Amino acid sequence: MTTFNSSIQSKQGLTSEQLMIVQQEMEAKAKKPLIAYLLWFFLGTLGAHRFYLGNTTLAVCMLLFGWLTLFIWPLVDVFFIGGRIRAINEQVETHAIAQVKSYN
């Protein structure tokens, strides 16, 4: 809830044009939950969802050593996808707002 409030506070003072630019950046760079879950479902044992979310190091570890956990790691990993997507999208939005504000 606090990240939602901080997002609203950081958007205050932006013009409608600036808000539109932030929205366009979000549409272009935000990670989509459906894509992440589909990658997990079809290629989760290979760490494809981690590659998509930018966790390259852990994706390579999952690719190389996931089978050592008897494929439990990918099963447990599905519960963390939503939180990772929210965190990444919040970072994208914060960065877009900072860029828009720096143009002034």
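Residue positions are given per chain, counted from 1 along the sequence in the order it is written. Only residues with pLDDT of at least 70 are given local features in this predicted model, and only at 80 or more are side-chain atom pairs given and counted; all residues enter the totals for whole chains, interfaces and linings. Side-chain metrics rest on all non-hydrogen atoms present in the structure, leaving aside hydrogens and water.

With that settled, consider the overall build of the protein chain. A run of H or I in DSSP becomes a helix once it reaches four residues, and a run of E becomes a strand once it reaches two; helices and strands are each numbered from the N terminus. The number of helices and strands found in the protein chain is 7 helices and 0 strands. Along the protein chain, helices and strands appear, N-terminal first, in the series α-α-α-α-α-α-α. This radius of gyration counts C-alpha atoms alone. The globule rule is 2.2 Å times how many residues there are, raised to the power 0.38. Computed over C-alpha atoms, the radius of gyration of the protein chain comes to 17 Å, more than 25% over the 13 Å expected from 2.2 N^0.38 for 104 residues, which places it beyond the range of a compact globule. In this scheme, a residue with accessible area under 20% of its type's maximum is buried, one over 50% is exposed, and one in between is partly exposed, where area comes from a 1.4 Å probe on protein chains only. In the protein chain, which comprises 104 residues, the share counted as buried stands at 31%. Residue contacts are defined here by distance: any two heavy atoms, one from each residue, within 4.5 Å place the two residues in contact. Sequence-distant contacts in the protein chain: of pairs separated by 6 or more residues, those separated by 24 or more amount to 60%. When the accessible area of the protein chain is evaluated, it comes to approximately 7,100 Å², of which 68% is carbon and sulfur surface. Charged-residue counts in this description rest on Lys and Arg as positive and Asp and Glu as negative, His and the chain ends being excluded. Charge placement uses NZ in Lys and CZ in Arg. For Asp and Glu, CG and CD serve respectively. Computed over 8 positive and 6 negative side-chain charges, the inter-centroid distance for the protein chain is 6 Å. We get accessible surface area from the Shrake-Rupley algorithm with a probe of 1.4 Å; when it comes to residues, only the shown protein chains can shield them.

Take the environment of glutamine 91 next. Positionally, glutamine 91 belongs in helix α7 (residues 81-102). Of the residues examined, glutamine 91 reaches a relative accessible area of 57% and is grouped as exposed. A sequence separation of 83 residues divides glutamine 91 from isoleucine 8, and the C-alpha atoms of the two residues are 14 Å apart.

Okay, the UniProt feature "transmembrane region" (unreviewed entry) in the protein chain next. UniProt tags residues 34-51 and 57-76 as "transmembrane region" (unreviewed entry). In residues 34-51, helix accounts for 78% and strand for 0%; the two terminal C-alpha atoms are 15 Å from one another. Regarding residues 57-76, the helix share stands at 70% and the strand share at 0%, and the terminal C-alpha atoms are separated by 18 Å. UniProt positions are given in the numbering used here, feature names are shortened, and annotations may be inferred rather than shown by experiment.

Residue pairs three or four apart in sequence face the same way in an α-helix, which turns once every 3.6 residues. Between the first and last residue of a helix there are one fewer steps than residues, each counted as 1.5 Å, and that sum is the expected span. For α7, which comprises 22 residues, the first-to-last C-alpha distance of 32 Å matches the rise-based estimate of 32 Å (1.5 Å per residue) to within 8%. All of the buried residues in α7 are Ile81, Gly82, Arg84, Ile85, Ile88, Asn89, Val92, Glu93, Ala96, Ile97 and Val100.

Bringing the pattern of salt bridges into the picture now. By salt bridge we mean one thing: a side-chain nitrogen of Lys or Arg within 4 Å of a carboxyl oxygen of Asp or Glu. Taken as a whole and assessed by the stated rule, the structure comprises 4 salt bridges. Close ionic contact of glutamate 25 with lysine 29 constitutes a salt bridge, the shortest N to O distance being 3.1 Å. Of this pair, glutamate 25 and lysine 29 both sit in helix α2 (residues 16-29), 4 residues apart, which is roughly one turn of that helix. Taking the relative accessible area as the measure of exposure, lysine 29 reaches 45% and is therefore partly exposed.

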